[in-house]
Protein chains: 2
Amino acid sequence: MPTIHDVAKHAGVGSITVSRVINNSGYLSKETRARVEQAIAELGYVPNTLARSLRSKRTNTLALVLTDITNPFFTTLARGVEDAASKAGYTLIFCNSDESAMKESTYVNILLQKQVDGFLLVPAQSKTTTIELIHSRAVPVVVIDRAVPGIAVDVVRCDSEEGAFGLTRLLLELGHRHIACLCGPKGVSTADDRAAGFLRALRSAGIAPGRDCILRGELSQEGGYLMAQQALRMAHKPSALLAANNFITIGAMKAAQEAGERVPEDIALVGFDDLPAAMVTFPFFTVAIQPAYEMGRKATEILLQRLKSHGAERQHEEVIFPTQIIVRRSSGDSVMGLHPIG
Amino acid sequence: MPTIHDVAKHAGVGSITVSRVINNSGYLSKETRARVEQAIAELGYVPNTLARSLRSKRTNTLALVLTDITNPFFTTLARGVEDAASKAGYTLIFCNSDESAMKESTYVNILLQKQVDGFLLVPAQSKTTTIELIHSRAVPVVVIDRAVPGIAVDVVRCDSEEGAFGLTRLLLELGHRHIACLCGPKGVSTADDRAAGFLRALRSAGIAPGRDCILRGELSQEGGYLMAQQALRMAHKPSALLAANNFITIGAMKAAQEAGERVPEDIALVGFDDLPAAMVTFPFFTVAIQPAYEMGRKATEILLQRLKSHGAERQHEEVIFPTQIIVRRSSGDSVMGLHPIG
DNA sequence: CTGTTAGCGCCTTCAT
DNA sequence: ATGAAGGCGCTAACAG
């Protein structure tokens, strides 16, 4: 593994000259540069970024900590991050926290040790500890997808509350009066916001929410399956389900099918987050979609801004994208015998 | 940002002692350790992995270079890699080559500069250049998913040829005599192998393959869409399609729907790679599936082995997983008026 | 059990 | 236009 000194010796120059060639900095005569470049080629020299970073205090590396790259929403988001990062000359380290605050903090610690220049974080829980840890080391961080109340930090997310409101409103307009919300765990801001939007829509229609109209479970197919089973077994069975994410929607669908309930004839089902077009054979679900790629891109841009303007303590930004509701078959037509509202 | 010296001073010891505490190496008295640990806590010291790696020549980082994390096959594979890597104390840097050999080599160069300890590589093309580059720096690499002829290297992949043979055989047994293969680009080993298996099955049934029964295109939904359109417009329209991957399958489905062809009644459609259960509402496609997670895990294990046994030049391994054929609706029932083969 | 010395490979500072 | 010295934060190799 040749070093800068080997190259210098080989070219008959000082090592700093080689450094200047690599970095295109300072003054160099054409001949010297040519000689050095040839030496580099001959030895197959590759600069050691580690040593460079040790000196310069910059690694040109960003960290993306999210909950589960297996979910296409996050996959798409990750592509947005990677494309923006790599265009700006940064590489990306990514880690899956699996919705565990402990894994998250373990990873963040490792990444801090690796001296990453900045963090993109999808927090597992609406807690400030991880962010405080990062702040304490003066490393910039942009939170994606989920709000974290009680701390000043850049956030890029979607208006989950409004999206849930819209979806619920849609169901209400179709005549549904008894709706269950299959929600993610408490403490996950998107889940909580979606529950809130759901409740606001009910109240806006003058409907008193039942005590068990909000079910809590994992943001997974399994979670959706279990919650839907529970909903379908309720004494006063709901005529519509609102699922808090794509996997929950699929799980709920499975549960409905198993229970012999047709969607949407017997029960309507709407959800959050679409699957990418490339993965869907029969577009079926009515959903509120979030611009995942765009969110990743925007968050990375903000982070890169912070990196550029180093200490210049600008105000923290909160970018909130709107969700978009796509009506398809799973929400069904008007429910007969009920009066649509407004 | 406190350094090891600050901690040493604070604790009244030499810096090497602090190093020993951090790394749990060498002998230490209980009191010294306690004192150092307290100093670490008080100063909020975090070791600098960069400096450590510069000395130790190990970064505890692996690189995963694949073509497109957006494809659930690779997403699942990536989880297999990450889980295995993180269990062994390694972190992961991943990059998308987008099937471009140039992007691939750019990334590999950056990753070499970053001194990653090893590579997991899904080569964009069946060329040896990238692997030779990595080898030339004496860094271990395990190739995943695709064969690279002409170079001695560890490979973990699936038996694409056999999988395509099986799928084609299935179609033949259902009575299809005129089948088109919607294949990926030339030079991608999985695509080529699948074409080969397809042809072998035709020949084994005594069928002379038509001259345009193999179409080439991108491994994407768009590619599948275009190839299927082409196939459906052929003078002697095929009665069945074999798609080389999951996205091509979906694209072909779209094209069939648009052309008013019902699957499987008017045309059968089978493919490679399933979508994860969590993403599929109506399991429909007959497919040959590859154990993506397992492939990622296995490849990482081999890489970690190499890392452990450092110079011990063992024989290179080639692990070939079997594919598994799952018969669902898209392959249809027997075609009437044709004689199924043995 | 603990400390000293001497770099790892690179680049900033200052000199020539 | 080029080079010499010194140090980033850490740890191997030796002392003691």
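Note that the structure is a prediction, hence the values are computed from the model and not measured.

A.B. asks: Describe the overall build of chain A, and please don't skip the residues or the numbers.
C.D. replies: Along the backbone of chain A there are 12 helices and 12 strands. Taking 342 residues into account, the globule formula puts the C-alpha radius of gyration at 20 Å, and chain A, at 26 Å, lies well above it. In chain A, 70% of the contacts between residues at least 6 apart in sequence involve partners at least 24 apart. Accessible area for chain A stands at about 14700 Å²; split by element, carbon and sulfur atoms hold 53% of it. The averaged location of the 35 negative side-chain charges in chain A is 5 Å from the averaged location of its 36 positive side-chain charges.

A.B. asks: Break down helix α8 (residues 160–173) of chain B for me, with residues and values.
C.D. replies: Given 3.6 residues to a turn, an α-helix orients residues that are three or four positions apart in the same direction. Residue and element names in this part refer to chain B. With 14 residues, α8 ought to run about 20 Å at 1.5 Å a step, and its terminal C-alpha atoms sit 20 Å apart, in line with that. Of all the 14 residues making up α8, 11 are buried; the element is thus mostly covered by neighbouring parts of the structure. Inspection of α8 places Ser160, Glu161, Gly163, Ala164, Phe165, Gly166, Leu167, Thr168, Leu170, Leu171 and Leu172 among the buried residues, and these make up the whole buried set. Looking one or two places after α8, you find Gly175, whose phi comes out positive at around 105°.

A.B. asks: Quick one: what's the story with the domain arrangement of chain A, residue by residue and with numbers?
C.D. replies: Under the domain assignment, chain A is made up of domain 1 (4–43), domain 2 (61–159 + 292–322) and domain 3 (160–290 + 325–331). For domain 1 of chain A versus domain 3 of chain A, the separation of C-alpha centres amounts to 64 Å.

A.B. asks: Summarise the relation of the copies chain B and chain A; cite the residues concerned and give the values.
C.D. replies: Between the two copies, chain B and chain A, the superposition gives an RMSD of 0.2 Å; the rotation angle is 180° and the shift along the axis is 0.0 Å. The transformation just described matches what one would write down for a two-fold rotation axis. Identified as the residue of chain B closest to the rotation axis by C-alpha distance is Ile93 of chain B, at 2.3 Å. When the interface residues of chain B are mapped onto chain A, 100% of them are again interface residues, pointing to one common binding face.

A.B. asks: Which residues make up the packing of aromatic side chains, and what values go with them?
C.D. replies: For the coordinates displayed, the defined rule picks out 7 aromatic pairs over all chains. Seen in terms of ring centroids, Phe284 of chain A and Phe285 of chain A are 5.1 Å apart; in terms of plane orientation they differ by 75°. Their pairing is edge-to-face. In terms of burial, Phe284 of chain A and Phe285 of chain A fall into one category: buried. Plain terms: the ring middles of Phe73 of chain B and Phe74 of chain B are 5.1 Å apart, the flat faces sit at 65° to each other, and that makes the pair edge-to-face.

A.B. asks: So what's going on with the sheet that holds strand β8 (residues 240–243) of chain B? Which residues, and what values?
C.D. replies: Residues and elements named next belong to chain B. Reading across from one edge, β7-β6-β8-β9-β10-β12 is the order of the 6 strands in this open sheet, with mixed pairing throughout. Edge strands, defined here as strands with exactly one partner in the open sheet, are β7 (214–216) and β12 (324–326). If you compare each strand with its neighbour and ignore which way they point, the axes differ by 20° on average. As paired strands, strand β6 (residues 179–183) and β8 are joined by 4 bridges and run parallel to one another. In the strand pairing of β8, Ala180 is matched with Leu241. Packed onto the sheet, helix α11 (residues 246–258) meets β6, β8 and β9 (268–272) and runs at close to 160° relative to β9.

A.B. asks: How would you summarise the nonpolar core if you had to cite specific residues and measurements?
C.D. replies: Core analysis: the largest hydrophobic core is formed by 105 residues, its most contacted members being Leu182, Phe198, Leu241 and Leu269 of chain A together with Leu182, Leu241 and Leu269 of chain B. Listed in part, the 56 residues of the second largest apolar core include Ala78, Val142 and Leu303 of chain A together with Val142 of chain B.

A.B. asks: Requested: an account of the side chain of Thr168 of chain A, with residues and values cited.
C.D. replies: All names here are of chain A. If you trace the backbone, Thr168 turns up in helix α8 (residues 160–173). Given the relative accessible area of 0%, Thr168 is considered buried. Here Thr168 is in contact with Ile179, Phe198, Ala201, Leu202 and Leu242, once residues within four sequence places are set aside.

A.B. asks: How would you explain the protein's contact with DNA strand D if you had to name every residue and give the values?
C.D. replies: Neighbouring DNA strand D are 25 residues, the closest being Thr17, Thr32 and Arg55 of chain A together with Ile4 and Tyr45 of chain B. For DNA strand D, the fraction of protein-proximal atoms (within 4 Å) that sit in sugar or phosphate groups is 68%. Residue Arg52 of chain B places a side-chain N or O atom 2.9 Å away from a phosphate oxygen belonging to DNA strand D. Broken down by secondary-structure element, the contributors of at least two residues to the surface near DNA strand D are α2 (15–23) and α4 (49–56) of chain A together with α1 (4–11), α2 (15–23) and α4 (49–56) of chain B. Here the element with the most residues in the surface near DNA strand D is α4 of chain B; it accounts for 4 residues.

A.B. asks: Tell me about the pattern of salt bridges, and please be specific about residues and values.
C.D. replies: For the coordinates displayed, the defined rule picks out 39 salt bridges over all chains. The residue Arg79 of chain B makes a salt bridge to Asp68 of chain A at a minimum N-O spacing of 3.1 Å. You can see Arg79 of chain B sitting in helix α5 (residues 72–87) and its partner Asp68 of chain A sitting in the loop between β1 (61–66) and α5 (72–87), one on each of two chains. Arg79 of chain B sits in the buried class, given a relative accessible area of 8%. The class for Asp68 of chain A is partly exposed, based on a relative accessible area of 21%. Note that Glu301 of chain B is salt-bridged to Arg297 of chain B, the shortest N-O span being 2.2 Å. In this pair, Glu301 of chain B and Arg297 of chain B are both assigned in helix α12 (residues 292–308), 4 residues apart and thus about one turn of the helix distant. Taking the relative accessible area as the measure of exposure, Glu301 of chain B reaches 34% and is therefore partly exposed. Several salt bridges share partner residues, and in doing so they unite Asp68, Asp98 and Lys103 of chain A together with Arg79, Glu82 and Asp83 of chain B into one network.

Cut-offs and rules
Residues numbered from 1 in each chain as written. Chains lettered and ligands numbered in written order. Predicted model: local features only at pLDDT ≥ 70, side-chain atom pairs only at ≥ 80, totals over all residues. Heavy atoms only, no water. Helix = DSSP H or I, 4+ residues; strand = E, 2+ residues; numbered from the N terminus. Rg over C-alpha atoms; globule rule 2.2 N^0.38 Å. Contact = heavy atoms within 4.5 Å. Areas by Shrake-Rupley, 256 points an atom, 1.4 Å probe, with all protein chains shown as cover. Lys, Arg positive; Asp, Glu negative; His and termini not counted. Charge placed at Lys NZ, Arg CZ, Asp CG, Glu CD. Expected span 1.5 Å × (residues − 1). Buried < 20%, exposed > 50% of the residue type's maximum accessible area, 1.4 Å probe, protein only. Domains from an automatic or database assignment. Least-squares fit on C-alpha atoms with pLDDT ≥ 70 in both. Phe/Tyr/Trp six-rings, centres within 6.5 Å; stacked < 30°, edge-to-face > 60°. Pairing = 2+ DSSP bridges. Axes fitted to C-alpha atoms, helices over the stretch in contact; angles between N-to-C directions. Core = buried A, V, L, I, M, F, W, Y, C linked by side-chain atoms within 4.5 Å. Near = heavy atom within 4 Å. Polar contact = N/O pair within 3.5 Å; in protein donor to acceptor, adjacent residues only side chain to side chain. Salt bridge = Lys/Arg side-chain N within 4 Å of Asp/Glu carboxyl O.

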